[in-house]
Amino acid sequence: MTESIVQATNEAVAYIKGLNPTTPETGIILGTGLGKLVDHVEIEMSIDYGDIPNFPISTVEGHKGKLIFGKLSGKPVVIMQGRFHYYEGYSLRQATLPVRVMHKLGVKQMLVSNAAGGVNTAMKVGDIMLLTDHINLLPDNPLRGVHEPELGARFPDMSEAYDKKLIKRAVEIANREGILLHQGVYAAVAGPNFETQAEYRYVRAVGADAVGMSTVPEVIVCAQIGLPVLGISAITDEAFPEEYVIVTHEYVIQAAAIAEPKMVTLFKNLVAEC
């Protein structure tokens, strides 16, 4: 991306607004194998990423590459059906551009999901984990580079990266709906390979409960622009070196389908009540 982030954002926003979508209140980013939330949306408009100026293109199976406007639980939302990753070759400034675009379109809160390996032995395949904090092990940062004041603080505070009010409401919903909802720390790594057994031990040792290849860059940008965010991981493999199972992308997609109904229930209720 050679032009400024502000300019790139404004061009994307101008194109989308020209199509006259409803102004969204909530932005939602769907991770690998978690796209079926869209089945519960009253879709008003669907835009291919490739049609939006400056948007990257999703290249990963399970990420359909559409920006969807509509109503979920009667509230206006915009949903990224597929996200962008560092391992696809994008800089994190590129990969997080959609967060800035959704914010400028009017969203007041962000719900983010991902598929992750569970390194906490209390978690099993198909469980879901509420992110209370994260560890950034990526070799890039979406705020690196020339700073434009319009983007927000140059040095944003990350001490409360995940919104406490949204976390409290998610726990209340999970209790009410009978959903087992773990809480823990998510570690982001570059990928695209899955971790070695030694790396899983390392991730556990530094304090993570789950590990994946996304989410943290988006949350960093949310912190910079002051956008409350809630993150949830679908635990798609038990990343325990003591009981190691060979993991494939297909395995992750199948495992995410087990967790997906719980995540759909949480997101539908969060949108309705927040």
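Because the structure is predicted, anything quoted here is derived from the model rather than measured.

Conventions used here
Residues numbered from 1 in each chain as written. Predicted model: local features only at pLDDT ≥ 70, side-chain atom pairs only at ≥ 80, totals over all residues. Heavy atoms only, no water. Helix = DSSP H or I, 4+ residues; strand = E, 2+ residues; numbered from the N terminus. Rg over C-alpha atoms; globule rule 2.2 N^0.38 Å. Buried < 20%, exposed > 50% of the residue type's maximum accessible area, 1.4 Å probe, protein only. Contact = heavy atoms within 4.5 Å. Areas by Shrake-Rupley, 256 points an atom, 1.4 Å probe, with all protein chains shown as cover. Core = buried A, V, L, I, M, F, W, Y, C linked by side-chain atoms within 4.5 Å. Salt bridge = Lys/Arg side-chain N within 4 Å of Asp/Glu carboxyl O. Axes fitted to C-alpha atoms, helices over the stretch in contact; angles between N-to-C directions. Parallel < 35°, antiparallel > 145°, perpendicular 65-115°, else oblique. Left-handed = near helix turned anticlockwise from the far one by under 90°. Nonpolar A, V, L, I, M, F, W, Y, C, P; charged D, E, K, R; others polar. Patch = residues over 30% accessible without salt bridge, like charges linked within 9 Å, V, L, I, M, F, W, Y side chains within 5 Å.

*Asks:* Please provide a residue-by-residue account of the overall build of the protein chain, values included.
*Replies:* Per the secondary structure count, the protein chain includes seven helices and nine strands. Relative to a compact globule of 274 residues, whose C-alpha radius of gyration would be 19 Å, the protein chain shows 17 Å and is just as compact. Taking the principal axes of the C-alpha coordinates as reference, the protein chain spans close to 55 × 40 × 35 Å. Evaluated residue by residue, the protein chain yields a buried proportion of 55% over its 274 residues. Within the protein chain, contacts between residues separated by at least 24 positions form 84% of all contacts whose residues are at least 6 apart in sequence. Taken as a whole, the protein chain presents about 11300 Å² of accessible surface, with 51% of it coming from carbon and sulfur.

*Asks:* Please set out the nonpolar core residue by residue, giving values where relevant.
*Replies:* Residues I28, I79, M110, L230, L266 and F267 are the most contacted members of the largest nonpolar core, which totals 81 residues. Element by element, the count of residues in this core is highest for helix α7 (residues 249-273), at eight residues. If sequence neighbours within four positions are ignored, M110 has contacts with G27, I28, I29, V99, M102, C222, L227, P228, V229 and L230. One finds V119, V189, Y200 and A239 within the second-largest nonpolar core, a separate group that totals nine residues.

*Asks:* Before we move on, could you go through the pattern of salt bridges and cite the residues and values that matter?
*Replies:* All told, the structure shown has nine salt bridges when counted by the stated rule. Between R169 and E172 there is a salt bridge, and its shortest N-O distance comes to 3.2 Å. One end of the pair, R169, and the other, E172, are both in helix α4 (residues 164-177), three residues apart, so they sit about a helical turn from each other. By relative accessible area, which is 28% here, R169 ends up partly exposed. A salt bridge links E273 to R169; the shortest N-O distance between them is 3.7 Å. In this pair, E273 is assigned in helix α7 and R169 in helix α4, connecting sequence segments 104 residues apart.

*Asks:* Explain unusual backbone geometry to me, and be specific about the residues and the numbers.
*Replies:* Following G191, the chain continues to P192 via a peptide bond in cis, the omega torsion being 5°. With respect to the element layout, P192 can be found in the loop between β7 (181-188) and α5 (197-205). One non-glycine residue, N20, adopts positive backbone phi at about 60°. With phi around 55°, S73 is a residue other than glycine that occupies positive phi space.

*Asks:* Report on the packing of helix α3 (residues 97-105) against helix α6 (residues 216-225), specifying residues and quantitative values.
*Replies:* The description of two helices packed together rests on the angle between their axes and the distance between the axes. It is the contact of α3 with α6, at a shortest axis distance of 9 Å, that shows an interaxial angle of 40°. In terms of their interaxial angle, α3 and α6 are classed as oblique. In terms of crossing hand, the pair formed by α3 and α6 is right-handed. Here V99, R100 and H103 of α3 lie close against α6, whose contacting residues are E218, V221, C222, Q224 and I225. Classifying every residue of the contact of α3 with α6 by side-chain character gives four nonpolar, two polar and two charged.

*Asks:* A description of a nonpolar patch on the surface should follow, citing residues and the corresponding values.
*Replies:* Residues L137, Y202 and V206 make up a contiguous nonpolar surface patch of roughly 240 Å² in combined accessible area. Mapped onto the fold, V206 is located in the loop between α5 and β8 (210-212).

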